[in-house]
Amino acid sequence: MPLTACKGQAKRENLLGVCPAPAREPLPASKDTQTFGLMIKIALTSFIFLLSTLALFWKNQIIEKWLSDDKEGETEIYEQQGKYFGKISWLTKPNDNKGVPFTDTENPDKSKRSQPLLGLIILTNFYFKNNEWKGGKIYDPQSGKTYTCTMWLTDNNTLKVRGYWGLFYQTQTWTRVK
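Presented here is an overview of the structure given in this document. From a predicted model like this one, the values you see are computed outputs, not experimental measurements.

So, on to the sheet that holds strand E8 (residues 145–155). Strands belonging to one sheet form pairs held by backbone hydrogen bonds; the direction of such a pair is parallel or antiparallel. Around the barrel, which closes on itself, the eight strands sit in the order E3-E4-E5-E6-E7-E8-E9-E10 with antiparallel pairing between neighbours. Within this sheet the neighbouring strands show an average axis-to-axis angle of 35°, counted without direction. Summarising the sheet, strand E3 (residues 64–67) and strand E4 (residues 73–80) pair through four bridges and their orientation is antiparallel. What sits directly across from Trp-66, in E4, is Thr-75.

Take unusual backbone geometry next. One non-glycine residue, Lys-71, adopts positive backbone phi at about 65°. As for its placement among the helices and strands, Lys-71 is situated in the loop between E3 and E4. The backbone of Gln-81 shows a phi angle near 50°, a positive value even though the residue is not glycine. Locating Gln-81 in the fold gives a position in the loop between E4 and strand E5 (83–91). On the basis of relative accessible area, Gln-81 is assigned to the exposed category, the value being 78%.

Parameters at a glance
Residues numbered from 1 in each chain as written. Predicted model: local features only at pLDDT ≥ 70, side-chain atom pairs only at ≥ 80, totals over all residues. Heavy atoms only, no water. Pairing = 2+ DSSP bridges. Helix = DSSP H or I, 4+ residues; strand = E, 2+ residues; numbered from the N terminus. Axes fitted to C-alpha atoms, helices over the stretch in contact; angles between N-to-C directions. Buried < 20%, exposed > 50% of the residue type's maximum accessible area, 1.4 Å probe, protein only.

See below:
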């Protein structure tokens, strides 16, 4: 390619015979641009923090006392090391006619049959995922059987508790104790 004068300098022409445009120095960022970038970073950080807080708030909505479907007892649900558990915290009739506490007489483990029903852990090892508490078990002290279980809130005061046995299931509606 022949050399030509482009704005006082010798440069090579491109294939069309036109001198390329001179390179420009980038403009220094203005104070407004820097401030805007900082505002975007703060907004994104705040949004991520808000989402994290809401997720924590939502998954802990279950931590409370819940009145059973039959209104015979309350279960207190609590969190321990990232898992959720529940224990019987109140019964309409915790003791027999002699004042002796009712015990877990149907438990398949004979060594646990003397445990009082009040304070008995009946919900174990639930984790929160996709607006449900799942992966846990529910123990029925009346039958001595344990079932896989899933729980979810239908509103702030209503907890659905579904126990599975094979292909079948039973769902109870528990109510938040106020």
